[in-house]
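Close look at the chain arrangement
Chain by chain, the residues run as shown.
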Amino acid sequence: MLTTLVATMLAARALPMECSALRQPLTATIRAAEAKRIARDAKQTIKPAGVTLILSEGAWRLVWATPTEAERGVYFYRRGAKGAYRLIDTWGGVIAADERADTVKWARDRAGHPSQRLAGCFADALIAEY
C-alpha cells in the first residue's frame, strides 16, 4: 500500500502544471462511484482503490482504473445532454514519450472530440505511468 502511494505521489509530480486543474479529487465516495460505473458500463470488476486518477474537462471524464482481472485502463466518458456519462472508449497500455503526438491524436479522434488540453494531459499521464 505504501509503495503504491509513493509511486502515485511521484507520478503526480511528473504531470505538467496545466493538468492540475483537470485532476479530480479521489475521495472514497468518488472512487466507489467510478468503480461502480466502470463495472456497469465496461463489465469489469474494479475495487474503489483501483481508481487512481480522474481528469475532467467540459463534458469529458477520463478515469484511470485497474480491473481485478485485467491491466490498468483509461475509461473515456462523455456527459450527454441529460447529464449522464456514457462510456465512449477505453485505452489500455503504456506509451513512450516519442508516441505522445500519436496518442493525443487518438484521444482527439474519439466521438465528441475531447479538448487538445485534455488529450495532452491524457498522454502526459500515460508517460508518467499512472
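1. Remarks on the sheet that holds strand S1 (residues 51–57)
If you walk across this open sheet you meet the four strands as S1-S2-S3-S4, and the pairing is antiparallel. Each end of this open sheet is capped by a strand with a single partner; those strands are S1 and strand S4 (85–92). Mean inter-strand twist for the sheet, computed between neighbouring axes without regard to direction, equals 20°. Pairing geometry for strand S3 (residues 73–79) and S4, over seven bridges, is antiparallel.

2. Looking at helix H2 (residues 28–42)
Its 15 residues give H2 an end-to-end C-alpha distance of 21 Å, which sits within 8% of 21 Å, the value for a rise of 1.5 Å per residue. Among the structural elements, S1, strand S2 (60–65), S3 and S4 are those in contact with the buried residues of H2. Remark: Lys43 follows H2 within two positions and exhibits a positive phi of approximately 55°.

3. A word on the confidence of the model for the protein
The predicted model of the protein averages 89 in pLDDT, with 89% of residues at 70 or higher. This model gives residues 1–13 a pLDDT under 50, and the stretch forms five contacts once residues within four places in sequence are excluded.

4. Things to note about unusual backbone geometry
Glycine aside, residues mostly have negative phi, and peptide bonds are mostly found in the trans state. Phi angles above zero are rare outside glycine, and Lys43 is one such case at about 55°. Along the chain, the position of Lys43 falls in the loop between H2 and S1. If you check the backbone angles, His113 has positive phi at about 50° while not being a glycine. On the secondary structure map, His113 appears in the loop between helix H3 (100–108) and helix H4 (116–127).

5. What to know about the state of the cysteines
Throughout the structure, instances matching the rule amount to one disulfide. For Cys19, the disulfide goes to Cys121, at an S-S distance of 2.1 Å. Judged by the sign of its S-S torsion, about -95°, the cystine formed by Cys19 and Cys121 is left-handed. Taken together, the residues Cys19 in the loop between helix H1 (2–14) and H2 and Cys121 in helix H4 connect sequence positions 102 residues apart. Classification of Cys19 as buried rests on a relative accessible area of 0%.

Reading the values: rules and limits
Residues numbered from 1 in each chain as written. Predicted model: local features only at pLDDT ≥ 70, side-chain atom pairs only at ≥ 80, totals over all residues. Heavy atoms only, no water. Pairing = 2+ DSSP bridges. Helix = DSSP H or I, 4+ residues; strand = E, 2+ residues; numbered from the N terminus. Axes fitted to C-alpha atoms, helices over the stretch in contact; angles between N-to-C directions. Expected span 1.5 Å × (residues − 1). Contact = heavy atoms within 4.5 Å. pLDDT = per-residue confidence, 0-100. Disulfide = S-S within 2.5 Å. Buried < 20%, exposed > 50% of the residue type's maximum accessible area, 1.4 Å probe, protein only.

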